Amino acid sequence: MSQLMNHIMGNRIPETEAMDTPEEAEAYDLLATKYLYIAEELIARMALAIGPAAGNCLDLCTGPSRIPIRLAQQNPNLHIFALDYSRNMVRLGRKNIADASLEVQVTVVRGDAKMLPYDSHS
(Lines give C-alpha, C1' and ligand atoms only; values in the text may rest on other atoms or scores of the structure.)
Protein backbone atom coordinates (compact mmCIF):
# COMPACT_ATOMS: atom_id res chain seq x y z
CA MET A 1 0.00 0.00 0.00
CA SER A 2 2.80 2.43 0.81
CA GLN A 3 4.27 1.95 -2.67
CA LEU A 4 0.92 2.86 -4.19
CA MET A 5 0.66 5.96 -1.97
CA ASN A 6 4.20 6.99 -2.90
CA HIS A 7 3.33 6.57 -6.57
CA ILE A 8 0.21 8.71 -6.19
CA MET A 9 1.55 11.36 -3.81
CA GLY A 10 5.28 11.20 -4.40
CA ASN A 11 7.75 10.77 -1.58
CA ARG A 12 5.88 12.83 0.98
CA ILE A 13 7.70 13.99 4.06
CA PRO A 14 5.13 14.06 6.86
CA GLU A 15 4.96 17.15 9.00
CA THR A 16 5.81 16.89 12.67
CA GLU A 17 3.03 15.71 14.95
CA ALA A 18 2.57 19.22 16.32
CA MET A 19 3.57 22.57 14.95
CA ASP A 20 5.39 23.66 18.05
CA THR A 21 6.60 27.15 17.23
CA PRO A 22 4.52 30.29 16.72
CA GLU A 23 6.18 30.69 13.32
CA GLU A 24 5.07 27.22 12.16
CA ALA A 25 1.49 27.82 13.31
CA GLU A 26 1.31 31.24 11.69
CA ALA A 27 2.83 29.96 8.43
CA TYR A 28 0.28 27.15 8.30
CA ASP A 29 -2.57 29.57 8.97
CA LEU A 30 -1.35 31.89 6.20
CA LEU A 31 -1.11 28.99 3.75
CA ALA A 32 -4.55 27.77 4.79
CA THR A 33 -6.01 31.23 4.20
CA LYS A 34 -4.47 31.45 0.74
CA TYR A 35 -4.73 27.88 -0.53
CA LEU A 36 -6.87 25.59 1.62
CA TYR A 37 -10.08 27.62 1.83
CA ILE A 38 -11.77 25.56 -0.91
CA ALA A 39 -10.93 22.27 0.83
CA GLU A 40 -12.06 23.73 4.16
CA GLU A 41 -15.38 24.79 2.63
CA LEU A 42 -15.92 21.32 1.13
CA ILE A 43 -15.12 19.65 4.45
CA ALA A 44 -17.52 21.98 6.28
CA ARG A 45 -20.31 21.32 3.76
CA MET A 46 -19.82 17.56 3.99
CA ALA A 47 -19.83 17.68 7.78
CA LEU A 48 -23.01 19.76 7.79
CA ALA A 49 -24.66 17.38 5.33
CA ILE A 50 -23.93 14.20 7.29
CA GLY A 51 -23.62 15.47 10.86
CA PRO A 52 -26.20 16.46 13.42
CA ALA A 53 -28.37 19.51 12.77
CA ALA A 54 -27.84 20.71 16.34
CA GLY A 55 -25.79 19.91 19.41
CA ASN A 56 -22.13 19.23 20.05
CA CYS A 57 -19.49 18.25 17.53
CA LEU A 58 -15.74 17.77 17.70
CA ASP A 59 -12.98 18.82 15.32
CA LEU A 60 -9.76 16.92 15.98
CA CYS A 61 -6.39 18.40 15.06
CA THR A 62 -8.17 21.68 14.40
CA GLY A 63 -5.06 23.71 13.63
CA PRO A 64 -6.04 27.38 13.34
CA SER A 65 -9.74 26.40 13.72
CA ARG A 66 -10.84 27.54 10.28
CA ILE A 67 -13.18 24.57 9.71
CA PRO A 68 -14.99 25.03 13.06
CA ILE A 69 -15.40 28.71 12.17
CA ARG A 70 -17.05 27.75 8.87
CA LEU A 71 -19.28 25.21 10.62
CA ALA A 72 -20.37 27.74 13.23
CA GLN A 73 -21.05 30.44 10.66
CA GLN A 74 -23.17 28.08 8.59
CA ASN A 75 -25.05 26.42 11.47
CA PRO A 76 -25.67 28.45 14.62
CA ASN A 77 -27.28 25.38 16.25
CA LEU A 78 -23.92 23.64 16.69
CA HIS A 79 -21.44 23.95 19.50
CA ILE A 80 -18.04 22.92 18.19
CA PHE A 81 -15.21 21.68 20.38
CA ALA A 82 -11.95 22.23 18.50
CA LEU A 83 -8.98 20.25 19.81
CA ASP A 84 -5.31 20.53 18.86
CA TYR A 85 -2.09 19.31 20.46
CA SER A 86 -0.02 22.39 19.61
CA ARG A 87 -0.18 25.23 22.13
CA ASN A 88 0.50 27.69 19.32
CA MET A 89 -2.29 26.32 17.13
CA VAL A 90 -4.68 26.57 20.10
CA ARG A 91 -3.59 30.17 20.66
CA LEU A 92 -4.04 30.97 16.98
CA GLY A 93 -7.38 29.14 16.83
CA ARG A 94 -8.67 31.16 19.79
CA LYS A 95 -7.60 34.37 18.08
CA ASN A 96 -9.29 33.40 14.81
CA ILE A 97 -12.47 32.45 16.66
CA ALA A 98 -12.45 35.73 18.58
CA ASP A 99 -11.89 37.65 15.33
CA ALA A 100 -15.00 35.89 13.94
CA SER A 101 -16.94 36.66 17.18
CA LEU A 102 -17.71 32.96 17.69
CA GLU A 103 -16.32 32.38 21.19
CA VAL A 104 -19.72 31.26 22.51
CA GLN A 105 -20.20 28.70 19.76
CA VAL A 106 -16.65 27.33 19.36
CA THR A 107 -14.48 26.13 22.24
CA VAL A 108 -10.81 25.51 21.50
CA VAL A 109 -8.91 23.20 23.83
CA ARG A 110 -5.43 21.77 23.90
CA GLY A 111 -5.40 18.01 23.94
CA ASP A 112 -4.17 14.83 22.35
CA ALA A 113 -6.45 13.22 19.76
CA LYS A 114 -5.15 9.83 20.95
CA MET A 115 -6.39 10.50 24.51
CA LEU A 116 -9.53 12.60 24.24
CA PRO A 117 -10.53 14.63 27.30
CA TYR A 118 -14.22 13.76 26.73
CA ASP A 119 -16.44 10.89 27.80
CA SER A 120 -17.22 8.27 25.16
CA HIS A 121 -20.35 9.03 23.13
CA SER A 122 -20.57 12.54 24.52
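Since we're looking at a predicted model, the values are computed, not measured. (Residues numbered from 1 in each chain as written. Predicted model: local features only at pLDDT ≥ 70, side-chain atom pairs only at ≥ 80, totals over all residues. Heavy atoms only, no water.)

Examined against the element boundaries, E40 turns out to sit in helix α2 (residues 22–50). Apart from residues lying up to four places away in sequence, E40 is in contact with A32, R66, I67 and R70. (Helix = DSSP H or I, 4+ residues; strand = E, 2+ residues; numbered from the N terminus. Contact = heavy atoms within 4.5 Å.)

Summed over all chains, the structure comprises six salt bridges. Where salt bridges share partners, they join E40, E41, R45 and R70 into one cluster. (Salt bridge = Lys/Arg side-chain N within 4 Å of Asp/Glu carboxyl O.)

Right, let's talk about the sheet that holds strand β2 (residues 78–84) for a bit. The strands making up a sheet associate through backbone hydrogen bonding, with each pair oriented either parallel or antiparallel. What the three strands build is an open sheet, ordered β1-β2-β3; its pairing is parallel. For this open sheet the edge positions go to β1 (55–60) and β3 (106–110), each flanked by a neighbour on one side alone. The average angle at which neighbouring strand axes cross in this sheet is 20 degrees, direction not considered. In this structure, β2 lies alongside β3, joined through five bridges in parallel fashion. From the neighbouring strand, D84 faces β3, where its bridge partner is R110. On the sheet, helix α3 (residues 66–74) packs against β1, β2 and β3 and is oriented at approximately 180 degrees with respect to β2. (Pairing = 2+ DSSP bridges. Axes fitted to C-alpha atoms, helices over the stretch in contact; angles between N-to-C directions.)

This part takes up the packing of aromatic side chains. Aromatic ring pairs: the centre-centre distance and the angle between the two ring planes describe each pair. Scanning the entire structure with this criterion turns up one aromatic pair. Of note, R110 hangs over the ring of Y85, and the distance from its end group to the ring centre comes to 4.7 Å. (Phe/Tyr/Trp six-rings, centres within 6.5 Å; stacked < 30°, edge-to-face > 60°. Lys NZ or Arg CZ within 6 Å of the ring centre and 35° of its normal.)

Okay, unusual backbone geometry next. Not every positive phi belongs to a glycine, and S65 is a case in point at roughly 65 degrees. With respect to the secondary-structure elements, S65 resides in the loop between β1 and α3. According to the relative accessible area criterion, S65 is buried, its value standing at 0%. (Buried < 20%, exposed > 50% of the residue type's maximum accessible area, 1.4 Å probe, protein only.)

This paragraph deals with α3. Taken together, the buried positions of α3 are I67, P68, I69, R70, L71 and A72. Elements in contact with the buried residues of α3: α2, β1, β2, α4 (87–99) and β3.

Taken together, the side chains of Y37, I38, L42, I43 and M46 present a nonpolar region at the surface, about 510 Å² in accessible area. On the secondary structure map, L42 appears in helix α2. (Patch = residues over 30% accessible without salt bridge, like charges linked within 9 Å, V, L, I, M, F, W, Y side chains within 5 Å. Areas by Shrake-Rupley, 256 points an atom, 1.4 Å probe, with all protein chains shown as cover.)

The pairing of β1 with β2 spans six bridges and is classified as parallel. Directly across from N56, in β2, lies its bridge partner H79. For the crossover that starts at β1, traverses α3 and ends in the parallel β2, the hand is right-handed. (Right-handed = clockwise from strand over helix to strand, strands pointing away.)

Function cannot be read off these values alone, since they describe shape.
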